[in-house]
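# Structural overview for review
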Amino acid sequence: MDAARIRERGNRPGRRGPALVFVVALVALQLVTVPGVVAEPPGTIPDGLLLVSSIDGGTTTGNDLSAHPVINGDGSLVAFHSVASDLLAGDTNGFAYIFLYDIDSVEMELVSLADDESQGNEHSWWPSISNDGRYVVFLSDASDLVADDTNGITDAFLRDRIAGTTIRVNLSDLGAEATTPTSRAWISGDGSTVVFDSGDQLVASDTNPYVDVYLFETTTGDITGISLAGDGDSNWPVVSDDG
């Protein structure tokens, strides 16, 4: 997607975000029968809902599970992970990937890519998206999204959709790989910061043996320990719109 369209999105007032929070839930939920309520026929999308994990713009579901939808600031983009192999042509390796659906253009985009736009060699999941849609953060077991990924664990990645680049954020302040997996990463609405958890001591001031929360600045690459004074594990962080 071109830079002008992404920047224009960031300047729009929110126009349908609250409604789409319910809409995108259809990606991850199955319809169930409720006593006294007439159920929709299998495969039917109820009126007023939009199927996001679709192979044809909203009427036909993919051939496998799609889950964890998240929405950008103005409600025009939905990111999610999916094991479906028919959401985009050329997806043949059977792994879960991060997809982004553009509601305005009815276009699907693969996000969990390396700089050369090659697909990852393992699963990717749990996306988070900035308000303008430029940045998508996600977790992945893939070892080929960035160079020198040799730790064999779940890492946190940041995809810049304007620059077409992917970087790993759960490194130490000296650039060393983590040795324990990250279980959650989240980006601020303005795209300035990413928070994540790690059991490694990623900064010199981290002297405790626990899982801690860290903050990564997207413009500088600086990392800061947030929960270092705690006497137990800290995980599953979230961050405010302005970081």
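Because the structure is a prediction, the values reported are computed rather than measured.

Reading the values: the criteria
- Starting from 1, residues in each chain are numbered consecutively following that chain's sequence as written.
- Per-residue local features are limited, in this predicted model, to residues with pLDDT of at least 70; the limit for side-chain atom pairs, both in listing and counting, is 80 or more; totals at the level of whole chains, interfaces and linings are taken over all residues.
- Hydrogens and waters are ignored; side-chain quantities use all the structure's heavy atoms.
- Exposure classes here rest on a 1.4 Å probe applied to the protein chains alone. A residue is buried below 20% of its type maximum, exposed above 50%, and partly exposed in between.
- By the criteria applied, helices consist of DSSP H or I runs no shorter than four residues and strands consist of E runs no shorter than two, each listed in order from the N terminus.
- Here, any two strands with at least 2 DSSP bridges between them count as paired.
- Axes, fitted as lines to C-alpha atoms, cover a helix only where it is in contact. Angles between the N-to-C directions of the axes lie from 0 to 180 degrees.
- Note on definitions: salt bridges are taken to be side-chain nitrogens of Lys or Arg within 4 Å of carboxyl oxygens of Asp or Glu.
- Throughout this description, the term nonpolar core refers to a set of buried Ala, Val, Leu, Ile, Met, Phe, Trp, Tyr and Cys residues connected via side-chain atoms within 4.5 Å.
- Note on contacts: a residue pair qualifies if any of its non-hydrogen atoms lie within 4.5 Å across the two residues.

### Some points on the pairing of strand 2 (residues 77-82)
Of all 6 residues making up strand 2, 6 are buried, and the element is well covered by its neighbours. Alternating positions in strand 2 separate into two faces, L77, A79 and H81 on one and V78, F80 and S82 on the other, with burial throughout. Where strand 1 (residues 66-71) and strand 2 come together, 4 bridges link them in antiparallel fashion. Across the sheet, V70 pairs through a bridge with A79, a residue of strand 2.

### With respect to the sheet that holds strand 6 (residues 135-140)
The antiparallel open sheet is built from 4 strands, whose spatial order is 5-6-7-8. Looking at the sheet topology across the chains shown, the edges are occupied by strand 5 (124-129) and strand 8 (165-168). When the angles between neighbouring strand axes are averaged without regard to direction, this sheet yields 25 degrees. Relative to strand 7 (residues 155-160), strand 6 runs antiparallel, the two sharing 6 bridges. Each bridged residue has a counterpart across the sheet, and for V136 the counterpart in strand 7 is R159.

### Details of the pattern of salt bridges
This structure, assessed with the given rule, holds 5 salt bridges. Its salt-bridge partner being R168, residue D149 comes within 3.2 Å of it at the nearest N-O pair. Taken together, the residues D149 in the loop between strand 6 and strand 7 and R168 in strand 8 connect sequence positions 19 residues apart. Since its relative accessible area comes to 9%, D149 is described here as buried. The salt bridge partner of R168 is D155, with a shortest N-O separation of 3.3 Å. Separated by 13 residues along the polypeptide, R168 in strand 8 and D155 in strand 7 bring together distant segments of the chain. Taking the relative accessible area as the measure of exposure, R168 reaches 9% and is therefore buried. Owing to a relative accessible area of 0%, D155 belongs among the buried residues under this scheme.

### Overview of the pairing of strand 4 (residues 107-110)
Remark: a regular strand shows side chains that alternate across the two faces of the sheet. Side chains of strand 4 alternate between two faces, with M108 and L110 buried and E107 and E109 left unburied. In this structure, strand 3 (residues 97-102) lies alongside strand 4, joined through 4 bridges in antiparallel fashion. From the neighbouring strand, F99 faces strand 4, where its bridge partner is L110. Connecting the antiparallel pair strand 3 and strand 4 is a turn made up of 4 residues, with V106 showing a positive phi of about 55 degrees.

### Here we look at the nonpolar core
Ranked by size, the top nonpolar core spans 16 residues in total, and within it L158, V169, A185, V194, F196 and Y214 carry the most contacts. Among the elements that make up this core, the one with the highest residue count is strand 6 (3 residues). For L158, the residues in contact, after removing those within four places along its chain, are Y135, V136, V137, T165, T166, I167, V169, I187, V194, F216 and T218. Counting residues in each nonpolar core, the second largest holds 13 residues, with L100, V136, A142 and V146 among its members.

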